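# An overview of the molecular structure
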Amino acid sequence: MRRLLWLGIGLAVGALVVRAITKKAQVFTPQGIAASARDSAAGIAGSVRDFVADVRDGMAEREAEIQAAFADGSTLDDDLYPEGPQHR
């Protein structure tokens, strides 16, 4: 009876090991490599889209600051030169 128990445990562990090895080996097949490259390209494309959206948001914010400064007649360089304009 004990031998059957250990045989069953061994078969179950062996099946799990074979399944895990098969999954790991699938990564190195041409289809697995293509899927990995496709996923990487999709991730990079998403990152680039997010970056471009952030840049556009920043540009719109800065444009609003510039328009507000022109409307008020103030300068934008006060934060760059707190001591006043410098002559060269």
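Residues numbered from 1 in each chain as written. Predicted model: local features only at pLDDT ≥ 70, side-chain atom pairs only at ≥ 80, totals over all residues. Heavy atoms only, no water.

### Side note on the overall build of the protein
- From N to C terminus, the protein includes two helices and zero strands.
- Each of the 88 residues in the protein was classed as buried or not, and the buried ones make up 5%.
- Total accessible area on the protein is roughly 8100 Å²; 64% of this is exposed by carbon and sulfur atoms. (Helix = DSSP H or I, 4+ residues; strand = E, 2+ residues; numbered from the N terminus. Buried < 20%, exposed > 50% of the residue type's maximum accessible area, 1.4 Å probe, protein only. Areas by Shrake-Rupley, 256 points an atom, 1.4 Å probe, with all protein chains shown as cover.)

### Quick look at helix H2 (residues 30-72)
- Counted at 1.5 Å a residue, the expected span for H2 with its 43 residues is 63 Å, and the 63 Å between its end C-alpha atoms agrees.
- Every buried residue belonging to H2 is among Gly32, Gly46 and Ala69, and all of these are buried.
- Contacts made by the buried residues of H2 are with helix H1 (2-26).
- Gly73 sits one or two positions beyond H2 and adopts a positive phi of about 80 degrees. (Expected span 1.5 Å × (residues − 1). Contact = heavy atoms within 4.5 Å.)

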